[in-house]
Amino acid sequence: MIQCITALFRCIGAGFSTFEAASKVSGTAVKAIVMYAGYMIPKGQVKNWFLELYYTNPFAYAFQAALTNEFHDETIPCVGNNLVPNGPGYENVPSGHKACTGVGGAALGADFVTGDQYLTSLHYKHSQLWRNYGIVWAWWAFFAGLTMICTSFWSDGGNSASLYIPREKVKHGHKSDVEAQNEKNPNRGAGSRVSGPEDEHLTRNTSIFTWKDLTYTVKTPAGDRVLLDQVCGWVKPGMLGALMGSSGAGKTTLLDVLAQRKTDGTIKGSIMVDGRPLPVSFQRMAGYCEQLDVHEPYATVREALEFSALLRQSRDIPEDEKLKYVDTIIDLLELHDLENTLIGTVGKGLSIEQRKRVTIGVELASKPSILIFLDEPTSGLDGQSAYNTVRFLRKLADAGQAILVTIHQPSAQLFEQFDTLLLLARGGKTVYFGDIGENAATIKYYFGKNGIECPPESNPADFMIDVVTGSLEAAKDKDWHQIWLDSDEHTRMMINLDNMIAEAASKPSGTHDDGYEFSMPLWEQIKIVTKRMNVSLFRNTNYINNKASLHVISALLNGFSFWRVSPNLSALHLKMFTIFHFVFVAPGCINQLQPLFLQRRDIYDAREKKSKMYSWFAFTTALIVSEFPYLIICAVLYFLCCVFTSYTPRLALDKYLLTRLFLPLGIGQFIAAYAPNAVFAALVNPLIISILLLFCGVFVPYTQLNVFWKYWLYYLNPFNYVVGGMLTFGIWDARVTCNEDEFAVFDPLNGTCGEYLATFMAGNGQRINLTNPDATSQCKVCEFRTGSDFLATLNINHYYVGWRNGAITVLYAISGYALVYGLMKLRTKASKKAE
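Residues numbered from 1 in each chain as written. Predicted model: local features only at pLDDT ≥ 70, side-chain atom pairs only at ≥ 80, totals over all residues. Heavy atoms only, no water.

J.: Can you explain the nonpolar core? Please cite residues and give values.
T.: Phe209, Trp211, Phe373, Leu421, Leu423 and Phe447 are the most contacted members of the largest nonpolar core, which totals 99 residues. Leucine 423 has contacts with Met244, Gly245, Lys429, Thr430, Val431, Tyr432, Phe447, Met464, Ile465 and Val468, leaving out every residue within four places of it along the chain. Among the nonpolar cores identified, the runner-up in size contains 85 residues, and Tyr614, Tyr638, Leu692 and Val820 belong to it. (Core = buried A, V, L, I, M, F, W, Y, C linked by side-chain atoms within 4.5 Å. Buried < 20%, exposed > 50% of the residue type's maximum accessible area, 1.4 Å probe, protein only. Contact = heavy atoms within 4.5 Å.)

J.: Provide a residue-level description of the state of the cysteines, including the pertinent values.
T.: Throughout the structure, instances matching the rule amount to 3 disulfides. Two residues share a disulfide in this structure: cysteine 78 and cysteine 100, whose sulfurs sit 1.8 Å from each other. Between cysteine 78 and cysteine 100, the S-S dihedral sits near 105 degrees, and the bridge is therefore right-handed. Of this pair, cysteine 78 sits in the loop between strand S1 (75–77) and strand S2 (83–84) while cysteine 100 sits in strand S3 (residues 99–100), and the two are 22 residues apart along the sequence. Judged by its relative accessible area of 7%, cysteine 78 falls in the buried class. Owing to a relative accessible area of 6%, cysteine 100 belongs among the buried residues under this scheme. (Disulfide = S-S within 2.5 Å. Helix = DSSP H or I, 4+ residues; strand = E, 2+ residues; numbered from the N terminus.)

J.: Would you mind going over the pattern of salt bridges in detail, with residue names and values included?
T.: Applying the stated criterion across every chain yields a total of 27 salt bridges. Among the ionic pairs, lysine 219 bridges to aspartate 224, the shortest N-O distance being 3.5 Å. Residue classification places aspartate 224 among the exposed residues on the basis of a relative accessible area of 55%. Residue aspartate 293 pairs with lysine 356 through a salt bridge whose shortest N-O separation is 3.4 Å. Here aspartate 293 is found in the loop between strand S10 (287–289) and helix H10 (301–312), whereas its partner lysine 356 is found in helix H12 (residues 352–365), with 63 residues between them in sequence. You can call aspartate 293 buried: its relative accessible area is 12%. One continuous salt-bridge network, built from bridges that share partners, spans Arg302, Glu306, Asp327 and Glu339. (Salt bridge = Lys/Arg side-chain N within 4 Å of Asp/Glu carboxyl O.)

J.: Explain the UniProt feature "domain: ABC transporter" (unreviewed entry) in the protein to me, using residue names and the numbers behind them.
T.: Per the UniProt record, "domain: ABC transporter" (unreviewed entry) is found at residues 209–452. Taken end to end, residues 209–452 is 34% helix and 28% strand, and its first and last C-alpha atoms sit 32 Å apart. (UniProt positions renumbered as here; feature names shortened; annotations may be inferred.)

J.: Outline the sheet that holds strand S19 (residues 779–782), listing residues and values.
T.: If you trace the 3 strands from one edge of the open sheet to the other, you get S17-S19-S18, paired in antiparallel fashion. Here the strands that pair on one side only, and so sit at the sheet edges, are strand S17 (744–746) and strand S18 (769–770). Inspection of the sheet shows S17 paired to S19 by 3 bridges, in the antiparallel sense. Note on S19: the bridge partner recorded for valine 745 is lysine 780. (Pairing = 2+ DSSP bridges.)

J.: Lay out the UniProt feature "transmembrane region" (unreviewed entry) in the protein in plain terms, naming residues and giving numbers.
T.: The residues that UniProt annotates with the feature "transmembrane region" (unreviewed entry) are residues 133–154, 614–644, 656–674, 680–700, 712–732 and 806–824. With 86% helix and 0% strand, residues 133–154 has its two end C-alpha atoms placed 32 Å apart. For residues 712–732, helix accounts for 86% and strand for 0%, while the C-alpha atoms at its two ends are 26 Å apart.

J.: Hey, could you go over unusual backbone geometry for me, with residue numbers and the actual values?
T.: For residues that are not glycine, phi is negative in most cases, and the peptide bond is trans in most cases. Of the consecutive residues valine 84 and proline 85, the connecting peptide bond is found in the cis state with omega at -10 degrees. Within the fold, proline 85 resides in the loop between S2 and S3. Its identity as a non-glycine residue notwithstanding, aspartate 73 has a phi of 65 degrees, on the positive side. Along the polypeptide, aspartate 73 turns up in the loop between helix H4 (58–71) and S1. Unusually for a residue other than glycine, aspartate 274 sits at a positive phi of about 55 degrees. The topology assignment puts aspartate 274 in the loop between strand S8 (266–273) and strand S9 (276–277). For aspartate 274, a relative accessible area of 4% translates into the label buried.

J.: Outline helix H23 (residues 616–642), supporting the account with residue identities and numerical values.
T.: Taking 1.5 Å of rise per residue, 27 residues should cover 39 Å, and H23 covers 38 Å from first to last C-alpha, within 8% of that figure. Of all the bends found along H23, the most pronounced is centred on phenylalanine 628 and spans about 35 degrees, while proline 629, a proline, follows it within four residues. (Expected span 1.5 Å × (residues − 1). Bend = angle between axes of the 7 residues up to and from the residue.)

J.: For the packing of helix H22 (residues 586–608) against helix H33 (residues 800–827), give the residues involved together with the corresponding values.
T.: Angle between the axes and distance between the axes: these two values describe a pair of packed helices. Closest axis-to-axis distance for the H22/H33 pair is 13 Å, and the angle between their directions is 35 degrees. In this structure, the crossing between H22 and H33 has a hand that is right-handed. Residues Phe597, Arg601 and Asp605 of H22 form the contact with H33, whose participating residues are Val820, Met824 and Arg827. The class makeup of the residues in the contact of H22 with H33 is 3 nonpolar, no polar and 3 charged. (Axes fitted to C-alpha atoms, helices over the stretch in contact; angles between N-to-C directions. Left-handed = near helix turned anticlockwise from the far one by under 90°. Nonpolar A, V, L, I, M, F, W, Y, C, P; charged D, E, K, R; others polar.)

J.: Outline the confidence of the model for the protein, supporting the account with residue identities and numerical values.
T.: On average, residues of the protein score 83 in pLDDT, and 91% of them reach the 70 mark or higher. By mean pLDDT, helix H7 (residues 177–184) is the weakest element of the protein at 44, and helix H19 (residues 522–539) is the strongest at 93. Ignoring residues within four places in sequence, the model shows residues 172–197, a span with pLDDT below 50, making 22 contacts including any to other chains. (pLDDT = per-residue confidence, 0-100.)

J.: An account of the packing of H19 against H22 is needed here, citing residue identities and associated values.
T.: It is at 13 Å that the axes of H19 and H22 come closest, and there the two elements cross at 140 degrees. Looking at the two axes, H19 sits oblique to H22. As H19 packs across H22, the resulting crossing turns out to be right-handed. Here Arg532, Met533, Ser536 and Leu537 of H19 lie close against H22, whose contacting residues are Leu596, Arg600 and Glu608. (Parallel < 35°, antiparallel > 145°, perpendicular 65-115°, else oblique.)

J.: Requested: an account of the packing of aromatic side chains, with residues and values cited.
T.: Summed over the entire model, instances satisfying the criterion amount to 46 aromatic pairs. Look at phenylalanine 209 and phenylalanine 373: their rings are 5.9 Å apart centre to centre, the planes differ by 80 degrees, and that puts the pair in the edge-to-face class. Remark: phenylalanine 373 occurs in strand S13 (residues 372–375) and phenylalanine 209 occurs in strand S5 (residues 209–220); sequence separation between them is 164 residues. Assigned by exposure class, phenylalanine 209 and phenylalanine 373 land together as buried. Ring plane angle 35 degrees and centroid distance 5.0 Å describe the contact between phenylalanine 617 and tyrosine 821, whose orientation is recorded as tilted. Of the two residues, phenylalanine 617 sits in helix H23 while tyrosine 821 sits in helix H33, which places them 204 residues apart along the sequence. Among the residues examined, phenylalanine 617 registers a relative accessible area of 33% and is labelled partly exposed. One aromatic cluster is present, formed by Tyr39, Phe63, Tyr124, Phe577, Phe580 and Phe699 through successive ring pairs. Looking at arginine 261, its charged tip hangs above the ring of tyrosine 288, at a distance of 4.0 Å from the centre. (Phe/Tyr/Trp six-rings, centres within 6.5 Å; stacked < 30°, edge-to-face > 60°. Lys NZ or Arg CZ within 6 Å of the ring centre and 35° of its normal.)

J.: Provide a residue-level description of the pairing of strand S14 (residues 403–406), including the pertinent values.
T.: The alternating pattern of S14 places Ile403 and Val405 on one face and Leu404 and Thr406 on the opposite face, and all of these are buried. In this structure, strand S7 (residues 240–245) lies alongside S14, joined through 4 bridges in parallel fashion. In the sheet register, leucine 243 faces S14, and the bridge partner there is threonine 406. Pairing of S13 with S14, which is carried by 4 bridges, proceeds in the parallel orientation. Counted as the bridge partner of isoleucine 372 is isoleucine 403 from S14.

Quick look at the structure:
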């Protein structure tokens, strides 16, 4: 059966192009599979319009096969509440004077039921065991074949990127961004770059950034490993520095250490700004462009820049001035034709080169007052795009910015745009730091005097990498790190570094440290981040539509499956399951919620947390609050579509919302908060949800729970309180009548039926309904009189339990959100400082 269900979900995944659509269908499929397996709704009580769901349900055949194999030829005695009468005074009552009640298939006057009788009541036959087994495998073959057919229609969507504009920004009769910009500046060409007066308004760096004897060590199972070994260097305003080395040499590691982005390991040495220790606000005062351009896909280019400006520029700067500075950056980066375009994802949004420009713009919008770090800004770009990117960085440096770039084997044309080079060998050992020179003459001279001449036709960047990796035969036996330490260039570099630090320390600092870890106050952070997440959710139509569709389809399936449930005894179980299915939508909600949560968390972890844009508390609050409107709307839709079709109007909307509304969101988010990835969260979900569903008192009543689970897991299970609360409000005062085949019928030992059962009805049988107390034969007993009698078997003995459970559910929801905050806090580690 597991193979068949796996094949079904694989087929669903193959047949839909988006996760959201597949999640909606799979969530509904899970509900239909469980509901129409033949247990919750026996075949004889399935509505005619949904009978096909039973016959086309592979789980129904598997369940029937398993049940018939288990119960065939068994004899099951009736005990406890299912035997009338029972208890003190009725221990030795002979057969014929007691009977089973509430047990399907039990014969009149019998105090036991055979397995085959019970199977017959479910419309199951043991003779169909192997037929059902074969049908399950036939369904597996069908799903496998359909999966192969679906995969043959897969398409990568082409290689060209598509640009998208938010629907609320598309106004009839308005000119496009390109047209408006061309009217504003008709001389603007598609190939033009940074030009005009916009760079005059760009914030210049005035501080000198230095690092000396920088060593970075991490612990490994084999012992301590040195990733950076006494690295020295500097970056000054107007300088474009290149950081190069072989793979594994520690380029990105050095950049992360300098940018204060490492949370593990030990850092020794000094990192200074203007000869002083790094200020508290350093991480938001320095720009950092990640190699992977991580952005909110449903934000426009302008919104991404404004978000950075509002949160990272000083709190003393007026908002209008911050937004005006964004205009400067848009001018600088030539982004007018893209400013109202969604960033999207690669292939469904901006191209790689455009995303790179936006990444740089996001950092520039923050007015970095120290320097800008860039990790592999040309990675993944074609030759022309890479050249445009580096040439743009060159012009930024000429405008007064201090820039340090890791770059992997650039072309000779790109390499000559840089001023200085820090060359690393494996293990983070310095091979060279200093000027590059015109046509790389300075570097060529350094290696030439040490015995390795750069051929005139060679790319100097490739030549140096070949030297440090030992690819050249003449360079294999040389320790280039030691050669550098013994060289005159190293001596001069250290003297210049010490003089630079001393001179900068003797002057006023070029940067102002406001003493705040985050630029904006917490409340402002929450407002800005929540606004962005609300806008993103509004634009994420796939997520919203599929969330609403899941609730509506699930509610209609639930409502019409339990359409107008009658008041008879067997209908009590149907009422219980229709209310139970109110929470069964939770797994689908969680599966939809978590990928979006993890996507946003990854964006926060990758860039926004490290740049001290806003705090983890603001991020978590915005995540939770932005989901509330859609959660309320979907919950109300579910209620309206289900409660009146299934005829449970006693479950009023206020009570439904009280017991059901926010719990699934809290559960899904706290699982996702600490999950390393979506796959791990998807594996944990079924484990937790299965435990919550199995031990909530519906599938296994409280009195029948194993002692190990009974006294702790049952009471710790939030679904116990959710289901218990809704059951109390839904069926507490429901009137129960038994059909003729639902009565327990037996003869009294003596006297009338009332006299015979008097002791029983005063004790264990207080909840039974004896319909003919004056009869002297054929006593007819209905198991329950009202819904409250039925609920007593589920450990719900008082009406106030509904309100109590509602209050406890709210506490659980609050606890779930508290867990989200707590786990997000645990993920937020402090950056390592140099010791």
